[in-house]
Amino acid sequence: MAQSGPPEGHGEPEGMSPRALYWASQATMCVSILVFFYESFAYNAIFLKRILPAVGKASLVPVFRVLFDSVWVLGLWSYHQAHWSDPGAIPARWRQFVVDCGEALPIAPARPEWQPAKATLCKKCQAARPERAHHCVLCGVCVMRMDHHCPWI
């Protein structure tokens, strides 16, 4: 199905092709990783090797290094998991539920803001989707956890 207009409230710039969004997402990921490594370099090479010893606190360097590097590794791992985890497509049992309910299931028009306890109609797929599900321009399908699948992380 042809894509037209901006997706519902994901913050993607209007008029960008999925290919451009993909490359923008990859560039954002690379910049984020560079920031992680710059932060590690700045802390370990500058603060721990130069500043702490200069003020007479060299005995604290190993403790601070272990604490910082542990948190840094956890942060990098969390970023990796958020970027590469599967957001989950809408399950087949949801589609069967929609068919079984028929007209009894109220389907609200899609809006950018959260609509609690309401199924919405995807403008791209022309299918009912559960709350919190959004259409991903990069994947071309509605995903269950778009807040964990933002193309900008």
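Structure's up top.
The text that follows walks through the structure, step by step, so that each part is easy to find. Fair warning: this is a prediction, and the values are worked out from it, not measured in the lab.

Thresholds, definitions, all that
- Residues numbered from 1 in each chain as written.
- Predicted model: local features only at pLDDT ≥ 70, side-chain atom pairs only at ≥ 80, totals over all residues.
- Heavy atoms only, no water.
- Helix = DSSP H or I, 4+ residues; strand = E, 2+ residues; numbered from the N terminus.
- Expected span 1.5 Å × (residues − 1).
- Buried < 20%, exposed > 50% of the residue type's maximum accessible area, 1.4 Å probe, protein only.
- Contact = heavy atoms within 4.5 Å.
- Phe/Tyr/Trp six-rings, centres within 6.5 Å; stacked < 30°, edge-to-face > 60°.
- Core = buried A, V, L, I, M, F, W, Y, C linked by side-chain atoms within 4.5 Å.

Here helix 2 (residues 61–84) contains 24 residues, and its C-alpha end-to-end distance of 34 Å stays within 8% of the 34 Å for a straight helix at 1.5 Å per residue. Residues of helix 2 that are buried include every one of Val61, Phe68, Trp72, Tyr79 and His83, and no others. Tucked into the core, helix 2 has its buried residues touching helix 1 (18–54).

This part takes up the packing of aromatic side chains. Throughout the structure, instances matching the rule amount to six aromatic pairs. Pairing Phe36 with Tyr79 gives two aromatic rings, centres 5.9 Å apart and planes at 55°, and the pair type is tilted. Of this pair, Phe36 sits in helix 1 while Tyr79 sits in helix 2, and the two are 43 residues apart along the sequence. When sorted by exposure, Phe36 lands in the same class as Tyr79, which is buried. Ring centres of Trp94 and Phe97 lie 5.5 Å apart, and the angle between their planes is 40°; on these two criteria the pair is classed as tilted. Taken together, the residues Trp94 and Phe97, both in helix 3 (residues 92–101) and three residues apart, mark about one turn of the helix. Judged by its relative accessible area of 38%, Phe97 is partly exposed. Among the aromatic side chains, those forming a connected cluster through ring pairs are Tyr43, Phe47 and Phe68.

Right, let's talk about the nonpolar core for a bit. The biggest cluster of nonpolar side chains holds nine residues, and these are Ile90, Trp94, Val98, Leu105, Ala119, Cys122, Ala128, Ala133 and Cys142. Those residues within four positions of Val98 in sequence are excluded, and the remaining contacts are Leu105 and Ala128.

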